[in-house]
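Here is what each chain is made of, one letter per residue.
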Amino acid sequence: ACRYVNTLLKLIPPVLGLQEQLRQAVQSGDMETSHGICRIAVALGENHSRALLDQVEHWQSFLALVNMIMFCTGIPGHYPVNETTSSLTLTFWYTLQDDILSFEPDKQAVYQQVYRPVYFQLVDVLLHKAQFPSDEEYGFWSSDEKEQFRIYRVDISDTLMYVYEMLGAELLSSLYDKLGRLLTNTEQPSTWQHTEALLYGFQSIAETIDVNYSDVVPGLIGLIPRISISNVQLADTVMFTIGSLSEWLADHPVMINNVLPLVLQALGNPELSISSVSTLKKICRECKYDLPPYAANIVAVSQEVLMKQIHKTSQCMWLMQALGFLLSALQVEEILKNLHSLITPYIQQLEKLADETPNPSNRLAIIHILGLLSNLFTTLDISHHDDDHESTEVKKLPVQQGPNPVVVVLQQVFQLIQKVLSKWLNDGQVVESVCAIFEKSVKTLLDDFAPMVPQLCEMLGQMYSTIPQVSAIELTRQLVHIFAHEPAHFPPIKALFLLVTSVTLTLFQQGTWD
């Protein structure tokens, strides 16, 4: 062991001796040489970090190696166009941190004193490396280079999240102070890239760490509306940052109005589709009990963008899920009123499509409308079966009386759905989309779905007898699982179960199941 350590200590000076050559290689754009030297430094540091940390009397030489690796992390230029070296170093910082935090408390305290400043410097370096190039330069990048840069930023985000374990709340304070200075300094206007990188750092931490007790979040929420958004990348990061703070907003509802208008405005921009819709969904899920004052506005803006078909199919589905969360916190009359205005245009469209002769174009339209309904019903839950809020918060709402709004709507459109099925029964995807509406409603409503059981069992039996499909079996399984134990529903459930079993066994015997 002693010989191993001595060999390691002898290796450090020659590696450090390569620093001048490394700098010259970087200056001259010799990527191959700089890459090679950085690999040597990282390999020595990463593979032998614990052993070198143990040599307390030689701490300065190891710190010099750490600083050399820091230079490699912050190597000038944009990854992956001007350099490909910095990404090699990221795992070293994980290893070093793990080794420092694995020491007993006394020794750990000594190393924290030496290395906390290094890790604060690392945060600055990583955020600089995460900055986008100028708009002009970025415009010349290939789609492959942009994708590599996106992945690189995700790696940086993961590293920052990990570094939080070492630096704690002080890291958030540092990021907030820098952002505050940047946005309030009128003498030296900052670039959008600098603002975006600081927000990205904050978002990276807030997405995975509980920031509910952080004293800087109120200030950050106050700063966000002051950001001059002139760029899609910055707007995206603003949206994702707001989304990462949705749980905090649920605990501090008075601040919702600071950021909700920004989200609703972004909803109308197709370039911000993913970030704006996912952020609205998070806010509607986490803050639904505090959103009734804003519900009319949220529904109106959402309806408008859905009608204009601004978003791709998957974002339309997320938006419907967001609206389901939102409506769940309203009174039944309000829910029904909003449901009526929200889905009537789709029901009218579906009625028109149901009368047409089946063709590929109206098939896609039918699947899209059925998908919108099933995603809305996935999250519209007035009984709050899936609520993980404290019971006191759920008590904000009185017990709802009368039929469930989802059941009311399903009963109203049941005949229309049967009409669609009659024309499309041999199309697996349409049948699957119909079954998804009921399956997701059953999963969400549980016992509240009971009024639909007899007619749904009858329809499923007719479907399965005519053309057996897997989605019908799945829905039957759900119904049996939830309602078979209830005497009132046993007869229709039993009849459906026997029919499905009989048809399936016949298919197996005939060898016609595929």
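Look above for the structure.
Residues numbered from 1 in each chain as written. Predicted model: local features only at pLDDT ≥ 70, side-chain atom pairs only at ≥ 80, totals over all residues. Heavy atoms only, no water.

Colleague: Quick question: what am I supposed to make of helix 17 (residues 313–328) here?
Modeller: An α-helical turn contains 3.6 residues, so a residue and the one three or four places further along point in the same direction. With 16 residues, helix 17 ought to run about 22 Å at 1.5 Å a step, and its terminal C-alpha atoms sit 23 Å apart, in line with that. Burial analysis of helix 17 places 13 of its 16 residues in the buried class, the great majority of the element. (Helix = DSSP H or I, 4+ residues; strand = E, 2+ residues; numbered from the N terminus. Expected span 1.5 Å × (residues − 1). Buried < 20%, exposed > 50% of the residue type's maximum accessible area, 1.4 Å probe, protein only.)

Colleague: It is not clear to me how the side chain of E196 should be interpreted in this structure. Could you clarify?
Modeller: Looking at the secondary structure, you find E196 in helix 10 (residues 192–206). Contact partners of E196, with chain neighbours within four places excluded, come to F132, R153, Q233, L234 and T237. (Contact = heavy atoms within 4.5 Å.)

Colleague: Help me out: how do you make sense of the layout of surface pockets in this one?
Modeller: A water-sized probe, rolled over the atoms, reveals where empty space remains. Taken as a whole, the largest pocket spans an internal volume of roughly 740 Å³. Taken together, 28 residues line the largest pocket, and the ones lying closest to its centre are F132, R150, R153, D236 and F240. Elements with a minimum of two residues in the lining of the largest pocket: helix 8 (143–167), helix 10, helix 12 (232–244) and helix 15 (273–286). Considering every element that reaches the lining of the largest pocket, the biggest residue donor is helix 8, with nine residues. In terms of residue class, the lining of the largest pocket is built from eleven nonpolar, eight polar and nine charged. (1 Å grid on protein atoms, 1.4 Å probe; cavity = no way out; pocket = protein on both sides within 12 Å on 5 of 7 lines; lining within 4 Å. Points joined across faces, edges and corners; volume = space filled by probe spheres on them. Nonpolar A, V, L, I, M, F, W, Y, C, P; charged D, E, K, R; others polar.)

Colleague: Explain the environment of I205 here, please?
Modeller: Within the secondary structure, I205 sits in helix 10. Owing to a relative accessible area of 1%, I205 belongs among the buried residues under this scheme. A sequence separation of twelve residues divides I205 from Q193, and the C-alpha atoms of the two residues are 19 Å apart.

Colleague: Looking at this model, I keep getting lost on the environment of K107. Mind explaining?
Modeller: Its place among the elements puts K107 in helix 6 (residues 105–129). Given a relative accessible area of 22%, K107 falls into the partly exposed group. When near neighbours in sequence (up to four residues on either side) are disregarded, K107 contacts D54 and V56.

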